[in-house]
Amino acid sequence: MLTDCYKRLLYVGGVKRNRAVLMDQTNPALRRETPLVQVVEASKSFFLGEQEVKALKEVSISLESGQLVIIKGPSGSGKTTLLNIIGGLDHPDQGAVYYKGKNMKQLSDSALTELRRKEVGFVFQSFALIDFLTAFENVEIPLRMMKMKSKERKERALQCLELVGLGRRAAHRSNELSGGEQQRVGIARALANDPSLILADEPTGKLNQETARHIMELLHRIVREHHKSVCVVTHDPMVCEYADVIYEMNDGEIRRETADHD
Ligand code: ADP
Ligand code: MG
């Protein structure tokens, strides 16, 4: 007999996939069909005094490994709220979020914190680096939080800086770096714990178009070469050129578009 949750999954992303999700419970051969993240009819409201702001209205979205998903939409359309929900920083009032098939609402606080630390890397519009630390020390932060040993930590932090093309800038303070370089450090820090999913909130918002393109090329390469899932929210139409899948948000509602290339 179907549980309520699995009945709800039938409404998302086409019958064939959802049959695979349903069968995933009994047939291990189909396990790879389970999306990395599945948001099912998530709604979220905020209250400003008496006034209700419906930030998300029954939003459903799937993120797969090896895909760069773009969620575009104007300011105030609910993009950050959705990203926070996908990353386990917030919960929907209604609906559910599944991470590798697990309902995030059913995880304990410590399990959710561990999931966030190990599985999700966040990239921010304003980079969120600590100015007085070097690029290397900024990338080390999540590794320290995971209590990784010093030698391993150093190797990993350098490896991540090299991956984003900043190996030679490791000893520079972040306030000595350009905006594009700071965002590369932000991406290196997001990669440090080798997460499956990278969530980027307007990562190009503070950069000029040329630098923004370099950042998108880097995120695209991370998806292709390292088989990560990257989800970028943006109001910059240029970013969509790098998408495998595009969603559009408007006033708390989401709609899937086809990618406008290939
Ligand atoms: P976007 O990232 O697309 O600009 P947000 O997700 O930040 O949109 O916000 C969606 C709506 O929810 C906006 O109307 C915003 O004012 C409101 N909102 C978001 N966070 C809060 C909050 N913590 N308290 C009150 N209202 C909020
Ligand atoms: Mg936002």
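See the structure shown above.
All figures in this text were calculated on a predicted structure; none of them were measured in a lab.

Here is what the cut-offs are and how they apply
- Per chain, residue numbering runs from 1 following the sequence as it is written.
- Labels follow written order: the first chain is A, the first ligand is 1, and so on.
- Totals for whole chains, interfaces and linings use every residue, but because this is a predicted model, local features are given only for residues with pLDDT of at least 70 and side-chain atom pairs only at 80 or more, for both listing and counting.
- Excluding hydrogens and water, the side-chain values take into account all heavy atoms of the structure.
- We define a nonpolar core as any set of buried Ala, Val, Leu, Ile, Met, Phe, Trp, Tyr and Cys residues linked to one another through side-chain atoms lying within 4.5 Å.
- Buried, partly exposed and exposed residues are distinguished by accessible area as a fraction of the type maximum, computed with a 1.4 Å probe on protein chains only: under 20%, between the cut-offs, and over 50%, respectively.
- For the purposes of this entry, the term helix denotes a DSSP run of H or I that reaches at least four residues, the term strand denotes a run of E that reaches at least two, and both are numbered from the N terminus.
- Note on contacts: a residue pair qualifies if any of its non-hydrogen atoms lie within 4.5 Å across the two residues.
- When at least one non-hydrogen atom of a residue lies within 4 Å of a molecule or strand, that residue is treated as near it.
- Think of a polar contact as two N or O atoms within 3.5 Å of one another; within protein, one of them needs to be a possible hydrogen donor and the other a possible acceptor, and neighboring residues in sequence only count if both atoms come from side chains.
- Each accessible area is a Shrake-Rupley result for a 1.4 Å probe, and residues are judged covered by the shown protein chains and nothing else.
- Put plainly, a pocket is an open set of points on a 1 Å grid over the protein atoms alone with protein on both sides within 12 Å along at least five of seven lines, a cavity is a set where a 1.4 Å probe fits but cannot get out, and a lining residue has an atom within 4 Å of a point.
- Assignment of a molecule to a cavity or pocket requires that more than half of its atoms lie within 2 Å of the corresponding grid points.
- Residues are grouped as follows: nonpolar covers Ala, Val, Leu, Ile, Met, Phe, Trp, Tyr, Cys and Pro; charged covers Asp, Glu, Lys and Arg; every other residue, Gly included, is treated as polar.
- At least two DSSP bridges between two strands are required for those strands to pair.
- Grid points are joined across faces, edges and corners, and a volume is the space filled by probe spheres set on the points.

A. Examining the nonpolar core more closely. Within the largest apolar cluster, 40 residues are counted, with the highest numbers of intra-cluster contacts made by Leu68, Leu161, Ile187 and Val232. When contributions to this core are tallied by element, the ones reaching two or more residues are β3 (68-72), α5 (135-145), α6 (150-163), α7 (179-191), β7 (197-201), α8 (209-226) and β8 (229-234). Take this core: its biggest share by element is seven residues, from α8. Contacts of Leu161, omitting those with residues within four sequence positions, involve Ala135, Phe136, Val139, Leu166, Gly167, Ala170, Val185 and Ala188. The next biggest cluster of nonpolar side chains, apart from the first, holds 29 residues, and it includes Leu83, Leu112, Val120 and Tyr247.

B. Structural view of the site of ligand 1. Around ligand 1, the structure places Phe46, Leu48, Val53, Ala55, Pro74, Ser75, Gly76, Ser77, Gly78, Lys79, Thr80 and Thr81. One of the backbone nitrogen or oxygen atoms of Ser77 is found 3.1 Å away from an oxygen atom of ligand 1. Take Thr80: an N or O atom from its side chain is 2.8 Å from an oxygen atom of ligand 1. For ligand 1, whose free accessible area comes to 550 Å², the fraction covered by protein is 63%. Under a 2 Å grid-point criterion requiring more than half of the atoms, the pocket assigned to ligand 1 is the second largest pocket. Put simply, the parts of the chain that give the shell around ligand 1 at least two residues each are β1 (37-48), β2 (51-63) and α3 (79-86). Residue composition of the shell around ligand 1, by class: five nonpolar, six polar and one charged.

C. Spatial organisation of unusual backbone geometry. Here the phi dihedral of Glu41 falls at roughly 50°; this positive angle occurs in a residue that is not glycine. On the secondary structure map, Glu41 appears in strand β1. On the basis of relative accessibility, which here comes to 21%, the residue Glu41 falls in the partly exposed class.

D. Up close: the pairing of β2. Note that β1 and β2 share nine bridges and pair antiparallel. In the strand pairing of β2, Ala42 is matched with Val59. What sits between the antiparallel neighbours β1 and β2 is a turn of two residues, in which Gly49 has the positive phi angle 65°.

E. Fine view of the layout of surface pockets. Estimates place the volume of the largest pocket at around 380 Å³. What lines the largest pocket is a set of 15 residues, among which Val120, Phe122, Pro142, Met145 and Arg189 lie closest to the centre. Going through the elements one at a time, α4 (109-119), β6 (120-124), α5 and α7 are the ones with two or more residues in the lining of the largest pocket. One number sums up the size of the second largest pocket: a volume of about 150 Å³. In terms of lining, the second largest pocket is formed by Phe46, Ala55, Ser75, Gly76, Ser77, Gly78, Lys79, Thr80, Thr81, Glu202 and His235. Per element, the largest residue contribution to the lining of the second largest pocket is three residues, and it comes from α3. Tallied by class, residues from the lining of the second largest pocket come to two nonpolar, seven polar and two charged.

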